[in-house]
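Structure at a glance
Residues per chain, in single letters:
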Amino acid sequence: MRAPVALERSYLLLNHGPVTLVTSAHGGRRNVMAASWAMPLDFDPPKVAVVIDKATLTRELVEASGEFVLNIPTRAQAAQVVAVGSASGRDVDKFARWPLATAAAREVAAPLLEGCAAWLECRVIAEPGNQQRYDLFLAEVVAAHADPRLFSENRWHFPDDDRRTLHYVAGGQFFQTGDALSVA
């Protein structure tokens, strides 16, 4: 289930610091990798920053296509996050090995991962120095979607633990997003 999120509010999908799954595609190949170092960067147009290591297949596909999707998984997907983050797409077709259902993105060729809380479709803003020196990719968000049961009226709503987003610590350990706290 997906509902569009206004681009000027798409930063809210990443603002709470969740782990992401980066999907990429080019030339009939596709891949998915886990990335904890992703963040919103700007409002208008909306931009994100993500670190993608030089040695990964995802990096090769992102550099070739100039685009990717940041998928925001839920607690129910934690085992998949660890699995795809622990294997190289050069060694195994992650989509064939693990049950990763996909859907077509609206603006980019990289797939959306079903079951996620939100999706940000991104086009790379070429910054060769940052990409080579720091593995840092900047991208414009060209489409954003969220599960309306979890994100509506520009706010996250987590009805149960399995649908909370994840925050990676290390060694296969995560925290899940906690309860909202309003201070007026």
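Here is a short report on the structure shown in this document. (Residues numbered from 1 in each chain as written. Predicted model: local features only at pLDDT ≥ 70, side-chain atom pairs only at ≥ 80, totals over all residues. Heavy atoms only, no water.)

**Here's the deal with the pattern of salt bridges**
Scanning the entire structure with this criterion turns up 14 salt bridges. A salt bridge links Arg-59 to Glu-63; the shortest N-O distance between them is 2.8 Å. Separated by 4 residues within a single helix, Arg-59 and Glu-63 lie in helix 1 (residues 57-65), roughly one turn from each other. A relative accessible area of 2% means that Arg-59 is categorised as buried. The partly exposed category is assigned to Glu-63, whose relative accessible area is 41%. (Salt bridge = Lys/Arg side-chain N within 4 Å of Asp/Glu carboxyl O. Helix = DSSP H or I, 4+ residues; strand = E, 2+ residues; numbered from the N terminus. Buried < 20%, exposed > 50% of the residue type's maximum accessible area, 1.4 Å probe, protein only.)

**Structural notes on the side chain of Thr-58**
Tracing the sequence through the fold places Thr-58 in helix 1. By relative accessible area, which is 0% here, Thr-58 ends up buried. Apart from the residues within four sequence positions on either side, Thr-58 is in contact with Val-22, Ser-24, Asn-31, Val-32, Met-33 and Ile-52. (Contact = heavy atoms within 4.5 Å.)

**Here we look at the packing of aromatic side chains**
The full count for this structure, using the stated rule, is 4 aromatic pairs. Aromatic pair Trp-156 and Phe-158: ring centres 5.4 Å apart, planes at 10°, arrangement stacked. Looking at Trp-156, the relative accessible area reads 16%, which means it is buried. Accessibility expressed as a relative area gives 18% for Phe-158, which makes it buried. On the basis of an interplanar angle of 65° and a centroid distance of 5.2 Å, the ring pair of Tyr-168 and Phe-174 is categorised as edge-to-face. Each member of the aromatic cluster is reached from another via a ring pair, and the members are Phe-151, Trp-156 and Phe-158. Against the face of Trp-119 rests Arg-2, its NZ or CZ located 5.0 Å from the ring centre. The ring of Phe-95 has Arg-30 sitting right over it, with the charged end atom 4.1 Å from the ring centre. (Phe/Tyr/Trp six-rings, centres within 6.5 Å; stacked < 30°, edge-to-face > 60°. Lys NZ or Arg CZ within 6 Å of the ring centre and 35° of its normal.)

**Some thoughts on helix 1**
For helix 1, the complete set of buried residues consists of Leu-57, Thr-58, Arg-59, Leu-61 and Val-62. Buried residues belonging to helix 1 abut strand 2 (20-26), strand 3 (29-35), strand 6 (67-72), strand 9 (118-125), helix 4 (128-134) and strand 10 (136-146). Once helix 1 ends, the next one or two residues include Gly-66, with phi positive near 75°.

**Considering the pairing of strand 10**
Among the 11 residues that make up strand 10, 9 are buried, leaving the element largely enclosed by the rest of the structure. Bridge count between strand 9 and strand 10: 8 bridges; the pairing is antiparallel. Its bridge partner lying in strand 10, Trp-119 is registered against His-145. (Pairing = 2+ DSSP bridges.)

**A few points about the state of the cysteines**
Following the criterion strictly, the structure yields 0 disulfides and no others. This cysteine, Cys-116, is not joined by any disulfide, and Cys-122 carries the nearest cysteine sulfur, 13 Å off. Judged by its relative accessible area of 2%, Cys-116 falls in the buried class. On the basis of relative accessibility, which here comes to 0%, the residue Cys-122 falls in the buried class. (Disulfide = S-S within 2.5 Å.)

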